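Chain residues, written in single-letter form:
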Amino acid sequence: MYGKGPCEERPPGTVGSRALVGWGAVAFVAGLGGCWAYARIGAEPVDLVRDLSVGWAFAASGLVAWARRPANRTGPLLLAEGLAWFLGNLQGLPVPLLFAISAWGEALNMAVLAHLLLVFPDGRASTARERRVIAAGYLLVAVGGLIRVLLYDPTADSSTSYLSCPECGPNAFLVLHDTDLFDAVDLVYRWAGVVLTVLVAMTMVRRWRTASRARRRVLLPSWVAVGLTLTFVGWEVLYLLMPEALSSADAVLTVPSDISEVAVPVVFLVSLLRMRLRRASVGDLLVTAGRAPTARDLQEVLRQTLGDSSLVLGLRTGDGGYADPDGRPLTAPPARAGSSVTHVDTGQGADAVLEHDSALGEDPALLAAAGAVVRMWLRDARLRAQADERADKALMVPRRLLQAAYEERRQLERDLHDGAQTRLLYTLMTLRRLGPRLPSGADPALRRTVAEAEESLRQALEELRDLARGIHPAVLGQSGLGPALTALAEQCPVPVTVEAEPGRYQPLVETTAYFVVCEAMANAVKHAAARCIEVRSRRIGTRLVVEVADDGVGGVDDLSSATSSSSSSFSSSSSSGSGLRGLADRVSAVGGTLEVESPRGKGTWIRAELPCE
Amino acid sequence: MRVIVAEDSALLRQGLVRLLEDCGVDVVGESGEADDALLALVEAERPDAVLLDIRMPPTHTDEGVRAAEAILACCPGTGVLLLSQYVETSAAVQVLARSPRGFGYLLKDRVADADELFDALRRVVAGESAVDPDIVTRLLRRRRVDSALDGLTSREHQVLALMAEGRSNEAISRRLQVSAKTLETHIRSVFAKLGLEPDLAANRRVLAVLTYLRA
């Protein structure tokens with residue numbers, strides 16, 4: 001049955017609507033028949049209304065409970081209580097056999113009620129003691145009621161029944177006509193009923209004390225019922241002890257007592273409605289569970305919604321077992337008495353289990369809803385994990401590519417520095433040493449050639465140096481972003497103010513930020529005809545924010561329409577938009593964002609935010 | 001003059017040693033690293049100056065800068081001349097801010113010129129400062145928004161450049177062929193126009209001027 005919604009195909013063991021309608025008709029007819037018999041002996045309309053209300057209330061709530069909890073005997077018991085309620089009324093009929101049966105079963109409704117109270121809400125007794133008390137109730141009615149009815153003469157003993165009817169009957173079972181003996185038997189019968197009622201109450205107290213919060217909430221209606229029953233019993237006892245003193249108060253007390261009698265099945269109904277409300281709160285559970293980031297949070301949400309503080313959410317572990325949110329393995333079967341396990345199947349085997357108070361099993365639809373929430377949470381968590389993993393991977397690829405590209409640039413610059421630059425420098429040194437050693441009478445053309453070679457070498461060194469710096473600025477690794485930006489500004493033909501917070505970041509972040517500024521400055525100088533540039537770099541929370549603003553012509557091309565072309569120095573930017581497009585790619589590769597505002601004639605403002613943990 | 005040469009490129013180190021020996025400098029030690037061994041060598045030899053490459057193993061980033069600071073801190077009588085491939089003033093300013101005496105910063109291109117190298121070495125040995133003229137020229141050439149530099153006369157401009165190179169008053173007045181008194185008038189005027197605190201010793205004056213020019 002688990003895993004199906006309440007609206008889906010009925011599992012075996014459910015009640016068809018035909019059976020419910022049939023039993024409803026039986027209860028209806030029984031009520032009408034009982035009332036007709038009751039009315040025959042002169043019952044007031046108010047009595048009839050009261051009688052019908054109580055009986056039909058039991059029958060109706062029984063039918064509802066039966067329909068909703070087909071596997072639970074509580075529904076049929078409530079219905080039986082409703083039917084038994086009308087049984088005693090048949091004493092108003094002039095049919096001897098029916099009168100006898102009715103008089104015999106007059107107290108049957110009390111036995112059924114005791115049964116109902118003791119098995120609510122599970123529908124079956126859980127201890128031998130409970131079973132004994134229930135059996136005693138039926139036994140008392142069957143045996144005690146029979147003995148009593150064998151001695152019962154309605155014409156003589158009319159005051160011992162709630163139906164005062166000397167004309168009723170005659171009693172088909174009457175075998176011995178002895179008023180004194182009947183009075184004695186009747187008294188014993190009633191006292192036995194009182195004792196049994198007290199036993200029922202004590203058994204219920206025991207059930208209450210061992211119940212969990214979830215179970216107590218379910219038990220509440222039966223407690224209201226037992227409270228009312230005890231009130232009736234108390235009344236009965238007082239009435240037996242001093243009938244004369246109370247007869248005047250009888251009329252006064254009848255009304256509240258009647259109301260409370262009707263209240264009992266109504267309370268059962270209310271209890272059912274509360275179950276519906278619980279289910280409604282599953283809607284809240286869905287909302288809350290959607291926000292529960294961890295299994296422990298979900299467990300807490302489930303505990304609160306289901307009202308079972310002992311509930312444990314078990315998640316499947318690698319070895320096929322289950323563990324609670326703290327990682328403690330769960331035992332199977334459940335270690336705690338009175339708890340059951342519900343499996344949550346996501347289509348890939350049971351991925352989770354709910355270990356909960358057995359009382360929750362009385363509302364399988366509620367558990368089904370909770371299970372559905374767990375199932376959704378599990379799927380959601382799985383999807384989230386997959387999405388995160390994919391997003392990480394998707395981000396990692398361009399990031400690694402960029403890192404590799406930067407690494408290559410760094411290596412290239414290093415190779416130039418250690419190789420060609422050093423060798424050229426050495427050559428320059430050697431050439432410089434040559435000059436002073438030329439004999440004073442040397443050919444002026446020779447001196448000129450040496451000087452030309454020297455000058456050419458200097459230029460080569462300078463060009464090489466610019467090239468190397470464009471490939472990768474050594475100062476960036478050496479001193480960080482601030483000094484690198486300052487060095488960049490120092491070489492810029494346009495005045496640049498640099499406002500850079502000191503601090504080091506990951507090489508990838510520093511390099512990306514550097515190239516953002518580099519490209520923005522190149523744009524400002526080459527395309528925007530800027531007269532001044534402002535550069536700002538600072539850390540805001542976990543992000544490095546670099547901004548470049550110029551007072552140039554603005555109107556940088558739309559980023560999306562341009563093709564990518566990375567640029568690294570003032571000399572290599574091809575067009576204003578394409579360089580920025582390349583920048584946007586680089587920035588997003590490190591998980592950052594790039595904003596460009598460039599209204600025509602109003603300068604350009606570029607802001608990059610790069611994550612820097 | 002006793003000098004130690006620390007340069008990771010063997011070729012360049014060899015070139016530097018030859019160049020220095022040509023100038024009559026006594027090279028008392030060579031090192032390819034800017035590590036503790038270099039510091040120990042300096043402490044043992046107590047040379048007049050250390051010629052130090054800014055980019056040294058293992059990371060080729062700021063090892064030279066840190067070694068320069070360590071040497072200036074441990075051996076007050078030893079000057080340090082830092083060599084850099086690129087115009088990059090941050091490192092120079094960083095060292096100058098900590099130890100204004102006996103520190104110089106030269107571009108590598110410059111060392112090819114024996115006279116310039118020897119002149120810079122001589123100055124750091126004397127406890128003065130030496131900043132590569134190329135660096136100063138570049139800093140001065142930068143166009144600035146609302147720059148107070150525009151208000152300087154050409155003579156004051158020259159004075160500022162020579163101060164930025166770390167020259168002493170005597171050297172400046174000799175170079176510009178003006179009297180010490182006239183020079184002081186120029187210097188006061190420059191400082192007033194730039195809004196800087198006057199009457200600084202030449203060493204600290206370099207830092208103030210460089211900081212001003214880089215801003």
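Note that the coordinates shown come from a computational prediction; the quantities given were computed from them, not determined experimentally.

Cut-off values and rules
- Residues numbered from 1 in each chain as written.
- Chains lettered and ligands numbered in written order.
- Predicted model: local features only at pLDDT ≥ 70, side-chain atom pairs only at ≥ 80, totals over all residues.
- Helix = DSSP H or I, 4+ residues; strand = E, 2+ residues; numbered from the N terminus.
- Buried ≥ 20, exposed ≤ 12 C-beta atoms within 10 Å, placed from the backbone.
- Contact = placed C-beta atoms within 7 Å.
- Nonpolar A, V, L, I, M, F, W, Y, C, P; charged D, E, K, R; others polar.
- Expected span 1.5 Å × (residues − 1).
- Axes fitted to C-alpha atoms, helices over the stretch in contact; angles between N-to-C directions.
- Parallel < 35°, antiparallel > 145°, perpendicular 65-115°, else oblique.
- Left-handed = near helix turned anticlockwise from the far one by under 90°.
- Pairing = 2+ DSSP bridges.
- Right-handed = clockwise from strand over helix to strand, strands pointing away.
- Core = buried A, V, L, I, M, F, W, Y, C linked by C-beta atoms within 7 Å.
- Domains from an automatic or database assignment.
- pLDDT = per-residue confidence, 0-100.

**Some details on the overall build of chain B**
Line of reasoning, step 1. Broken down by element type, chain B carries 11 helices and six strands.
Line of reasoning, step 2. In chain B, buried positions account for 46% of the 215 residues.
Line of reasoning, step 3. Once local pairs closer than 6 in sequence are excluded, the contacts in chain B between residues at least 24 apart make up 68%.

**Some details on the overall build of chain A**
Line of reasoning, step 1. Along chain A, the regular secondary structure elements total 16 helices and nine strands.
Line of reasoning, step 2. Counting only residues that meet the buried cut, chain A has 39% of its 613 residues in that class.
Line of reasoning, step 3. Nonlocal contacts in chain A, meaning residues at least 24 apart in sequence, comprise 66% of its contacts between residues at least 6 apart.

**Examining the interface of chain A and chain B**
Line of reasoning, step 1. Taken together, the 29 residues of chain A in the interface contact 29 residues of chain B.
Line of reasoning, step 2. Contributing elements (two or more residues each) for the side of chain A that touches chain B: α11 (364-437), α12 (444-471), α13 (474-479) and α14 (481-491) of chain A.
Line of reasoning, step 3. Here the side of chain A that touches chain B gets 13 residues from one element, more than from any other, and that element is α11(A).
Line of reasoning, step 4. Of the residues that constitute the side of chain A that touches chain B, the class distribution is 12 nonpolar, eight polar and nine charged.

**A word on helix α3 (residues 63-74) of chain B**
Residues and elements named next belong to chain B.
Line of reasoning, step 1. The terminal C-alpha atoms of α3 lie 16 Å apart, and with 12 residues this matches the ideal 16 Å at 1.5 Å per residue to within 8%.
Line of reasoning, step 2. Among the residues of α3, Glu-63, Gly-64, Val-65, Ala-67, Ala-68, Ile-71 and Leu-72 are the ones counted as buried.
Line of reasoning, step 3. Looking at the buried residues of α3, the elements they touch are α2 (36-45), β3 (49-53), β4 (79-84), α4 (89-98) and β5 (103-107).

**Some thoughts on the packing of α2(B) against α3(B)**
Residues and elements named next belong to chain B.
Line of reasoning, step 1. For the pair α2 and α3, the least separation of the axes is 11 Å and the interaxial angle reads 30°. By the angle between their axes, α2 is roughly parallel relative to α3. Note that α2 runs across α3; the crossing there is right-handed. Of the residues in α3, those touching α2 at Leu-38, Leu-39, Val-42 and Glu-43 are Ala-67, Ala-70, Ile-71 and Cys-74.
Line of reasoning, step 2. Broken down by class, the residue content of the contact of α2 with α3 amounts to seven nonpolar, no polar and one charged.

**Overview of the pairing of strand β1 (residues 2-6) of chain B**
All names here are of chain B.
Line of reasoning, step 1. Counted residue by residue, β1 has four buried out of five residues, so it is predominantly covered.
Line of reasoning, step 2. Bridge count for β1 against strand β2 (residues 26-31) is five bridges, and the pairing is parallel. Bridging across to β2, Ile-4 finds its partner in Gly-29.
Line of reasoning, step 3. Crossover handedness for the path β1 to helix α1 (residues 10-22) to β2: right-handed.
Line of reasoning, step 4. In this sheet, β3 lies alongside β1 in parallel orientation, the contact comprising four bridges. Looking at β3, one finds that Val-5 is bridged to Leu-51.

**Points about the pairing of β3(B)**
The side chains of a regular strand alternate, first on one face of the sheet and then on the other.
Residues and elements named next belong to chain B.
Line of reasoning, step 1. Counting buried positions along β3 gives five out of five residues, so the element sits mostly inside the fold.
Line of reasoning, step 2. Alternating residues of β3 divide into Ala-49, Leu-51 and Asp-53 and Val-50 and Leu-52, and every residue in both groups is buried.
Line of reasoning, step 3. In terms of strand pairing, β3 meets β4 through five bridges, oriented parallel. Counted as the bridge partner of Leu-51 is Leu-81 from β4.
Line of reasoning, step 4. Between the parallel pair β3 and β4, the chain is carried across by α3, and the sense of this crossover is right-handed.

**Structural notes on the sheet that holds β4(B)**
Line of reasoning, step 1. Strand order in the open sheet made by the six strands is β2-β1-β3-β4-β5-β6 (chain B), with parallel pairing throughout. On the outer flanks of this sheet lie β2 and β6 (130-131) of chain B, each paired with one strand and no other.

**Describing the nonpolar core**
Line of reasoning, step 1. In this structure, B:Leu51, B:Leu52, B:Val80, B:Leu81 and B:Ala164 are the most contacted members of the largest nonpolar core, which totals 68 residues.
Line of reasoning, step 2. Both of domain 1 (2-131) and domain 2 (136-214) of chain B provide at least three residues apiece to this core.
Line of reasoning, step 3. Once residues lying within four places of it in the same chain are set aside, the contact partners of B:Val80 are B:Ala49, B:Val50, B:Leu52, B:Ala68, B:Ile71, B:Leu72, B:Gly102, B:Phe103 and B:Val124.
Line of reasoning, step 4. Membership of the second largest hydrophobic core comes to 58 residues, among which are A:Tyr38, A:Leu78, A:Ala114 and A:Ile134.

**Looking at the sheet that holds strand β7 (residues 543-550) of chain A**
Strand pairs in the sheet, formed through backbone hydrogen bonds, run parallel or antiparallel to each other.
Residue and element names in this part refer to chain A.
Line of reasoning, step 1. Sheet architecture is open: five strands sit in the order β5-β6-β7-β9-β8, paired in mixed fashion. Pairing within the sheet leaves two strands with one partner each, and these edge strands are β5 (496-500) and β8 (593-597). Within this sheet the neighbouring strands show an average axis-to-axis angle of 10°, counted without direction.
Line of reasoning, step 2. Looking at chain direction, β8 and strand β9 (residues 604-611) are connected through five bridges and run antiparallel. Bridge assignment links Leu-594 to a residue of β9, and that residue is Ala-608.
Line of reasoning, step 3. Docked against the sheet, α14 engages β5 and β6 (533-540), running at close to 180° with respect to β5.

**What to know about the environment of A:Met110**
Residues and elements named next belong to chain A.
Line of reasoning, step 1. Along the chain, Met-110 turns up in helix α5 (residues 108-119).
Line of reasoning, step 2. Residue Met-110 is classed as buried on the basis of its C-beta count, with 21 C-beta atoms lying within 10 Å.
Line of reasoning, step 3. Residues Met-110 and Tyr-138, 28 residues apart in the sequence, show an inter-C-alpha distance of 9.0 Å.

**With respect to unusual backbone geometry**
Residues and elements named next belong to chain B.
Line of reasoning, step 1. In this structure, the amide linkage connecting Pro-57 to the following residue, Pro-58, adopts the cis form with an omega of 5°.
Line of reasoning, step 2. Tracing the backbone shows Pro-58 in the loop between β3 and α3.
Line of reasoning, step 3. One non-glycine residue, Arg-46, lies in the positive phi region at around 45°.
Line of reasoning, step 4. A positive phi angle, near 55°, is found at Gln-177, a position not held by glycine.
Line of reasoning, step 5. Inspection of the secondary structure assignment puts Gln-177 in the loop between α9 (169-176) and α10 (180-194).

**Here's the deal with the environment of A:Ala352**
Residue and element names in this part refer to chain A.
Line of reasoning, step 1. Mapped onto the fold, Ala-352 is located in strand β4 (residues 350-357).
Line of reasoning, step 2. The buried category is assigned to Ala-352, around which 21 C-beta atoms lie within 10 Å.
Line of reasoning, step 3. With near-sequence residues (within four places) excluded, Ala-352 lies in contact with Leu-313, Gly-314, Leu-315, Arg-316, Val-344, Val-374 and Leu-378.

**Here we look at the environment of B:Phe191**
Line of reasoning, step 1. Relative to the assigned elements, B:Phe191 resides in helix α10.
Line of reasoning, step 2. If sequence neighbours within four positions are ignored, B:Phe191 has contacts with B:Leu196 and B:Pro198.

**Here we look at the confidence of the model for chain A**
Residues and elements named next belong to chain A.
Line of reasoning, step 1. Taken residue by residue, chain A gives an average pLDDT of 80. The fraction at 70 or more is 81%.
Line of reasoning, step 2. Confidence scores differ between elements of chain A, with helix α9 (residues 243-291) showing the lowest mean pLDDT of 64 and β7 the highest of 95.
Line of reasoning, step 3. Overall, residues 1-13 carries pLDDT values under 50, and its contacts beyond four positions in sequence, including any with other chains, amount to 13 contacts.
Line of reasoning, step 4. Predicted confidence for residues 558-575 stays below pLDDT 50, and this span has 44 contacts to residues more than four positions away or in other chains.

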